[in-house]
Amino acid sequence: MAAIRETWNSRTAFVLAAIGSAIGLGNIWRFPYITYENGGGAFLVAYFICLFLAGIPLLMLEFSIGHKFHQAAPGSFKKISPRLEWFGWFAAGVGFIIVTYYAIIMAWSVNYTYEAATLGWVQEEGEYADVQYAIAQTDLEDMEVLIEVPDSLLGRSFVSPVSADQGIISDDPEDSEMYGTILVAFDGHLYGFNSVDEATTFMGSPADFFFNDFLGVTSSPWDIGKFKWPLFIGFTLAWIWIVASVWKGTKTVSKVVYFTVLIPWGLLLLFVIRGLTLSGAGSGIEFYLTPIWSKLMSAKIWLAAVSQVFFSLSVGFAIMIAYGSFLPKKTNIAANAMIIGIADALTAFFGGLAVFSALGHHASSLGVPVSQVVSSGPGLAFVAYPHIITTLPAARIFGVLFFLMLLTLAVDSAFSLLEAVTASVKDKWRTSHRKANLIVGISAFLLGIPMLTGMGIHILDIADHFMNSFGLTLVVLGEVLIIGWGTGAEEQRQYINKNSSFNIGLWWNICIRWIIPMGILWMIFTEIQERAVPYGSFGLRSQEFLFGWLLIILLPIIGDILASVSGKKEPE
Ligand code: PHE
């Protein structure tokens, strides 16, 4: 009986499902903000190098592991050695944590579909004309607070490079002549503007709307803030959609993906065209495409690039192993991996074009450099795309379409994350697909709830950062050590070649045995050493590190416990 495992309806359906898993928020939401955070062009270079040296070879590896052992990750690794089952659970655990916050971004998108219909982020002109600003002077040696910041501003979050105890803050516009800077707070920073006009253009912008009105973001991860009920509704809807899509296993997946992959591509193209034709777009594109080579010397940028590649290709999560396990016997591993890798990278590249042209447009209307226009971070997409949308004719319609597109792209990635965990549970305990799905789905749902508060985006940022930079890279490191050095890269390569239309050369072994592990070790070590520098827009402190590391350390332990409880035997 064990031989009967669901398989994909057809090769195209498999390719589309794997593309569906790969292409998601990672391309449209995460890629642009990570690129922005890492300085644009140089990051792009690192990204493409990592794609070909690590991403695509790993995709081949994961497909072939699943194909060979016909099991999701824990089962596959158990077949390699019973002592390795915990490792498969570790990989599934990383996926599980990711799906908890992935659904939050989906919730934002659900609500933004509504905001787009009403253009909720466009604020009435003049709404912010009254005292939503303060004047500051920061380079005085002798600092003194003259006047309190207006309450309206205080309610908005800021952890400022320039804060009340560092400078003189006044709410009298006349003072700006004396001191020169108008302060505006958003996304955890105080921003300086040259005139009240400039400042009021910002206030009431999509950024202000997103961070302050929509999320009610607090100034630190330890300040809970308000629970956002509207987000809870979006969150629930997102989860219903995810679980419903995966309800019947691969059979439904095979049908859903035609809609969730092909339509979004068309829409994205439209956004790129509109973005590129906006005035000032050029400066954004220049930032995006001009590499500053010296930046490639830092480990940070490589770690960011490689973890973005893994995230985006869905490797290092046990997902492509699970998907590979559903592949029919006769298949074409190498070509599929190539197609998927390249399609995924191109989609991300297009997402970047759209976002950076919007940033360029926004920067030129504010008269600031692109690198300073919005503080980077997970909010970027929800600021940049609304900018483009607002400028489109029939903005509401395109806005709604855009966020629906984001959701359709996200949903098959989310259900692939869910599926990897569910498949693991199912393989071990022989529970029904539905039961496994519900158990995993509901737990992830509950874990996501704290992220619907004002501190949510901070928690999300930390989880995203740690899971990708360390969780994911550690899983990949384990994979390449186990296969590359344990069972043997050469044996695996021959297995892939036996199941592919073209042969991959010895370069593959070199990537798997040397380049990937050495690269990852170098990045992780340098990164840990350099981590004295604060991470993220709010400046990560030691408590947040502790939280991040705790997550990483707990996962293998839980994996070990799961591995040691006994599952149900396969029926003979
Ligand atoms: N690759 C997906 C994306 O880019 C995210 C994802 C990661 C999905 C891991 C499944 C597993 O959005």
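Counting restarts for each chain, with residues numbered from 1 along the sequence as it is written. The predicted origin of the model limits local features to residues at a pLDDT of at least 70 and limits the giving and counting of side-chain atom pairs to 80 or more, whereas totals for whole chains, interfaces and linings rest on all residues. The side-chain figures draw on all heavy atoms in the structure; neither hydrogens nor water molecules are used.

1. Description of the overall build of the protein chain
By definition, any uninterrupted DSSP run of H or I lasting at least four residues is a helix, any uninterrupted run of E lasting at least two residues is a strand, and each is numbered from the N terminus. Along the protein chain, the regular secondary structure elements total 21 helices and 4 strands. In the protein chain, buried positions account for 62% of the 572 residues. Note on contacts: a residue pair qualifies if any of its non-hydrogen atoms lie within 4.5 Å across the two residues. Sequence-distant contacts in the protein chain: of pairs separated by 6 or more residues, those separated by 24 or more amount to 84%. A 1.4 Å probe and the Shrake-Rupley method give the accessible areas. Residues count as covered only by the protein chains that appear here. When the accessible surface of the protein chain is summed, it comes to about 21800 Å², and 66% of that surface belongs to carbon and sulfur atoms. Only protein chains enter the accessibility calculation, which uses a 1.4 Å probe; a residue whose area is less than 20% of its type maximum is buried, one above 50% is exposed, and one in between is partly exposed.

2. Points about a nonpolar patch on the surface
Like-charged residues within 9 Å of one another, or nonpolar side chains (Val, Leu, Ile, Met, Phe, Trp, Tyr) within 5 Å, are grouped into patches, provided each residue has over 30% relative accessible area and no salt bridge. The salt bridge definition used is simple: a Lys or Arg side-chain nitrogen within 4 Å of an Asp or Glu carboxyl oxygen. Where nonpolar side chains cluster on the molecular surface, the patch consists of Ile49, Leu53, Leu481, Trp485, Ile510, Trp514, Ile515 and Met518 and spans about 740 Å² of accessible area. The set of elements that each furnish at least two residues to the nonpolar patch consists of helix H3 (41-69), helix H19 (456-498) and helix H20 (507-530). For the nonpolar patch, the element with the highest residue contribution is H20, accounting for 4 residues. In this structure, tryptophan 485 sits in helix H19. Using a relative accessible area of 42% as the deciding quantity, one classes tryptophan 485 as partly exposed.

3. Considering helix H12 (residues 281-289)
Taken as a whole, H12 has its buried residues at Ala281, Gly284, Ile285, Phe287 and Tyr288. When H12 is viewed along its axis, its buried side chains cluster within an angular range of 155° and face the same direction. Along the arc lie the directions from the helix axis toward the C-beta atoms.

4. Thoughts on the site of the ligand
Near residues are defined by distance, with any heavy atom within 4 Å of the molecule or strand qualifying the residue. As a structural note, the neighbourhood of the ligand is formed by 15 residues, with Ala22, Gly26, Tyr102, Phe311 and Ile319 the closest of them. In protein, a polar contact means a hydrogen-donor-capable atom and an acceptor-capable atom, both N or O and within 3.5 Å, with residues adjacent in sequence counting only if both atoms are side-chain atoms; elsewhere, any N or O pair within 3.5 Å suffices. In this structure, leucine 25 approaches the ligand through a main-chain N or O atom, which is 3.0 Å from an oxygen atom. Within the side chain of tyrosine 102, an N or O atom sits 2.4 Å from an oxygen atom of the ligand. Against a free-state accessible area of 310 Å², the protein chains account for coverage of 100% of the ligand. If you list the elements that add at least two residues to the shell around the ligand, you get helix H1 (11-22), helix H2 (25-37), helix H13 (299-313) and helix H17 (395-429). When grouped by side-chain class, the residues that make up the shell around the ligand number 7 nonpolar, 8 polar and no charged. Under the grouping applied here, Gly and all other residues not named as nonpolar or charged are polar, the nonpolar ones being Ala, Val, Leu, Ile, Met, Phe, Trp, Tyr, Cys and Pro and the charged ones Asp, Glu, Lys and Arg.

5. Examining the nonpolar core
Here, nonpolar core means buried Ala, Val, Leu, Ile, Met, Phe, Trp, Tyr and Cys residues that are tied together by side-chain atoms lying within 4.5 Å of each other. Counting residues in each nonpolar core, the largest one holds 176 residues, and the members touching the most others are Met106, Trp108, Phe210, Trp239, Phe310 and Phe382. Sorting elements by how many residues they give to this core places helix H5 (residues 85-118) first, with 20 residues. Once you skip the residues sitting within four places of it in the chain, phenylalanine 210 turns out to touch Trp108, Tyr112, Leu215, Gly379, Phe382, Val383 and Ile457.

6. Notes on the packing of aromatic side chains
How two aromatic rings sit relative to each other is set out by the distance from centre to centre and by the angle between their planes. Two rings from Phe, Tyr or Trp (for Trp, the six-membered ring) form a pair when their centres are within 6.5 Å of each other. A pair whose planes differ by under 30 degrees is stacked, one over 60 is edge-to-face, and the rest are tilted. According to the stated counting rule, one finds 40 aromatic pairs in the structure shown. Aromatic pair tyrosine 112 and phenylalanine 214: ring centres 4.9 Å apart, planes at 85°, arrangement edge-to-face. Within this pair, whereas tyrosine 112 is found in helix H5, its partner phenylalanine 214 is found in helix H9 (residues 206-214), the two being separated by 102 residues in sequence. Here tyrosine 112 matches phenylalanine 214 in class, with each residue buried. The interplanar angle of 75° and the centroid separation of 5.5 Å between the aromatic rings of tryptophan 229 and phenylalanine 232 together place this pair among those described as edge-to-face. Separated by 3 residues within a single helix, tryptophan 229 and phenylalanine 232 lie in helix H10 (residues 229-245), roughly one turn from each other. Aromatic rings pair up to connect Trp108, Tyr112, Trp121, Phe209, Phe210, Phe211, Phe214, Phe271, Phe382, Tyr385, Phe402 and Phe403 into one cluster. The criterion for a charge sitting over a ring is simple: Lys NZ or Arg CZ within 6 Å of the ring centre, and within 35 degrees of the ring normal. One Lys or Arg, lysine 68, reaches over the ring of tyrosine 495 and ends 5.5 Å from the middle of that ring. In this structure, arginine 513 packs its charged tip against the face of tryptophan 485, placed 3.9 Å from the ring centre.

7. Describing the side chain of asparagine 27
Within the secondary structure layout, asparagine 27 lies in helix H2. Only 2.9 Å separates the side chain of asparagine 27 from the backbone nitrogen of glycine 24, close enough to count as a polar contact. Only 2.9 Å separates the side chain of asparagine 27 from the backbone oxygen of aspartate 344, close enough to count as a polar contact. With residues near it in sequence (within four places) discarded, asparagine 27 still touches Ala22, Pro32, Ser312, Asp344, Thr347, Ala348 and Gly351.

8. Looking at the environment of phenylalanine 350
Among the structural elements, phenylalanine 350 can be located in helix H15 (residues 333-366). Accessibility expressed as a relative area gives 28% for phenylalanine 350, which makes it partly exposed. Separated by 322 residues in the primary sequence, phenylalanine 350 and isoleucine 28 place their C-alpha atoms 8.3 Å from one another. For phenylalanine 350, the contacting residues outside a window of four places in its chain are Leu268, Leu269 and Val272.

9. Structural notes on the pattern of salt bridges
Opposite charge on two side chains permits pairing when their charged atoms draw close. The full count for this structure, using the stated rule, is 5 salt bridges. Linking aspartate 464 and arginine 30 is a salt bridge whose minimum nitrogen-to-oxygen distance equals 3.0 Å. Of the two residues, aspartate 464 is situated in helix H19 and arginine 30 in helix H2; the sequence distance between them amounts to 434 residues. Using a relative accessible area of 1% as the deciding quantity, one classes aspartate 464 as buried.

10. Digging into the environment of serine 501
By the secondary structure assignment, serine 501 is in the loop between H19 and H20. Residue serine 501 is classed as exposed on the basis of its relative accessible area, which comes to 57%. Once the C-alpha coordinates of serine 501 and asparagine 336 are considered, the two residues, 165 residues apart in sequence, prove to be 9.9 Å apart. When sequence neighbours within four positions are dropped, the list of residues in contact with serine 501 reads Asn332 and Ala335.

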